[in-house]
Amino acid sequence: MKGRISKIGSYAISSSIRDQHQQPCISCTTFNILAPIYKRLSHKDQSLRESDNRAYWLGRNHRIIDWLLYERSSIICLQEFWVGNEELVNLYEKRLGDAGYLSYKLGRTNNRGLLTAVHKDYFRVVNSRDLLFNDCGDRVAQLLHVELVPPYSQYDAHQEVLIVNTHLLFPHDSTLSIVRLQQVYKILQYVESYQKEVNLSPMPIILCGDWNGSKRGHVYKFLRSQGFVSSYDTAHRYTDSDAHKWVSHRNHRGNICAVDFIWLLNPNRYRKLLKTSWSEAVFGMFRYLLRRASLTAEDAFAFLKTDNDGDHITFMGFCETLRQVTVMDSRQKRSKICGLKLTLMETVF
């Protein structure tokens, strides 16, 4: 197999192909389409949004759909889908449906959300699940369990695939690092539990979305430790150190960045135990923050002990340390601290 990626606008298209003389590819598009309620029309007047002008948002979304239908990807994963606007929802469902797509939408608490569509020429939908983790950064994810249809299933009469679409929390500051890791952990944990629930054999897993984090981040390293590979890296033969060689969009701060990924997991690829990989990711993040604070191993332990004179670290002392290295903010609510306590207990035990 050889991967192919092309870039149109601010979304990436990933394809898995053999060569021109063999079977057609199965392709996947991931695209943050920017909800009109968040698209600013003026730098001078920040309150002026595209959602206030129907002609603007309707025209832009028609053009987005034109591109999607032109590319005709087997799988389409959209983020920042304006689920709170019935006219826009009907527009996507009608035009994608007429083109042969089955579409599934899922909203967050703020009228934005996700839309995942698969083409009937390629897939039969076995099941779909919604993953809600509103207690963890107000985020959601979609899971589609699909089966390839002929002629794409010629090598395996019952080839099945799990497709996940999500949009992770934006890292407004370093206090959200642990939250973003926890979001990914919850997604993989849910996928794992679904596979056990319906007694599935190992199968390919595709994770799509706006991950709001680059190849230098902890989320990227965590997914790589689980055996996932970036389709863009595979197509261009990039390594983990080639973070500077590609971009996927300009974020709301005006920064050019590479944060939109199509992750692939080969069912035969070695994977660490999820909890083991999670523990390494969390403590790896702590080690990074402590190194950034220029602390040696001995100093780090003394730092973690705070005022404790024994040879152990108390939970409150640990929380105080996290606050000092900006993993936590002292102004955070008690509920968040309790949530972190549960996270750390999962990590340790």
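Below is a summary of the structure that appears in this document. Predicted model, so just to flag it, every value in this text is computed and none were measured.

What to know about the pattern of salt bridges
Enumeration over the complete set of coordinates arrives at nine salt bridges. A salt bridge links E50 to R60, with the shortest nitrogen-to-oxygen separation between them at 2.8 Å. Taken as a pair, E50 in the loop between β3 (26–32) and α1 (54–71) and R60 in helix α1 lie far apart in primary sequence, 10 residues in all. As far as burial versus exposure is concerned, E50 and R60 are alike and both buried.

Looking at the pairing of strand β5 (residues 101–107)
Sheet topology note: the β5/strand β6 (residues 113–119) ladder contains seven bridges and is antiparallel. The residue bridging K105 from the neighbouring strand is L115, located in β6. Taking the residues between adjacent antiparallel strands as the criterion, β5 and β6 are bridged by five residues, where N111 takes a positive phi near 70°.

As for unusual backbone geometry
In this structure, N199 is a non-glycine residue whose phi angle is positive, near 55°. Mapping N199 onto the fold places it in the loop between α3 (177–197) and β10 (205–210). In this model, R237 sits at a positive phi of 55°, which is unusual for a non-glycine residue. The topology assignment puts R237 in the loop between α5 (231–236) and β12 (249–250).

A short note on the sheet that holds β10
Taken in spatial order, the six strands of this open sheet run β7-β8-β9-β10-β14-β11, and their pairing is mixed. Of all strands in the sheet, those with a lone pairing partner are β7 (123–133) and β11 (229–230), marking the two edges. With two bridges joining them, β11 and strand β14 (residues 260–265) adopt antiparallel strand pairing. Following the sheet pairing, S230 is matched in β14 by W263. Against the sheet, α3 contacts β7, β8 (139–148), β9 (160–167) and β10, and its axis sits at roughly 135° relative to β7.

Overview of the nonpolar core
L207, W211 and L223 are the most contacted members of the largest nonpolar core, which has 35 residues in total. Elements with a minimum of two residues in this core: β7, β8, β9, α3, β10, α4 (218–225), β14 and α6 (274–292). Sequence-distant contacts of W211, defined by excluding residues within four places in its chain, comprise T166, L168, R180, V184, V219, L223, V259, F261 and W263. Core analysis: the second largest hydrophobic core is formed by 19 residues, W57, L58, L78 and W82 among them.

What about the packing of α1 against helix α2 (residues 86–98)?
One can describe the packing of α1 onto α2 by two numbers: an axis separation of 11 Å at closest approach and a directional angle of 20°. Taken together, the axis directions place α1 and α2 in an arrangement best described as roughly parallel. Between α1 and α2 lies a crossing of right-handed hand. Contacts between α1 and α2 involve R54, W57, L58, N61, H62, I64, I65, D66, L68 and L69 on the former and, on the latter, E87, L88, L91, Y92, R95 and L96. In the contact of α1 with α2, the residues fall into 10 nonpolar, two polar and four charged.

A short note on the packing of aromatic side chains
All chains considered together, the criterion is met by eight aromatic pairs. When the centroid spacing of 5.6 Å and the interplanar angle of 85° are considered together, the rings of W67 and Y70 count as edge-to-face. With a gap of three residues between them, W67 and Y70 both fall in helix α1, about one helical turn apart. When its relative accessible area of 43% is taken as the criterion, W67 is described as partly exposed. An aromatic cluster is built from Y220, F261 and W263, whose rings are joined through pairwise contacts. Above the ring of Y38, the side-chain terminus of R112 is found at 3.9 Å from the ring centroid.

Examining the environment of L41
Secondary-structure assignment places L41 in the loop between β3 and α1. Once the C-alpha coordinates of L41 and Y56 are considered, the two residues, 15 residues apart in sequence, prove to be 9.6 Å apart. Filtering out sequence-adjacent residues up to four positions away, L41 remains in contact with L48, R49, E50 and Y56.

Quick look at the side chain of T29
By the secondary structure assignment, T29 is in strand β3. Polar contacts involving the side chain of T29 include one to the side chain of S73, which spans 2.6 Å.

Concerning α3
Along its 21 residues, α3 runs 30 Å from first to last C-alpha, staying within 8% of the 30 Å computed at 1.5 Å per residue. A positive backbone phi angle near 55° is found at N199, which sits one or two residues after α3.

The rules behind the values
- Residues numbered from 1 in each chain as written.
- Predicted model: local features only at pLDDT ≥ 70, side-chain atom pairs only at ≥ 80, totals over all residues.
- Heavy atoms only, no water.
- Salt bridge = Lys/Arg side-chain N within 4 Å of Asp/Glu carboxyl O.
- Helix = DSSP H or I, 4+ residues; strand = E, 2+ residues; numbered from the N terminus.
- Buried < 20%, exposed > 50% of the residue type's maximum accessible area, 1.4 Å probe, protein only.
- Pairing = 2+ DSSP bridges.
- Contact = heavy atoms within 4.5 Å.
- Axes fitted to C-alpha atoms, helices over the stretch in contact; angles between N-to-C directions.
- Core = buried A, V, L, I, M, F, W, Y, C linked by side-chain atoms within 4.5 Å.
- Parallel < 35°, antiparallel > 145°, perpendicular 65-115°, else oblique.
- Left-handed = near helix turned anticlockwise from the far one by under 90°.
- Nonpolar A, V, L, I, M, F, W, Y, C, P; charged D, E, K, R; others polar.
- Phe/Tyr/Trp six-rings, centres within 6.5 Å; stacked < 30°, edge-to-face > 60°.
- Lys NZ or Arg CZ within 6 Å of the ring centre and 35° of its normal.
- Polar contact = N/O pair within 3.5 Å; in protein donor to acceptor, adjacent residues only side chain to side chain.
- Expected span 1.5 Å × (residues − 1).

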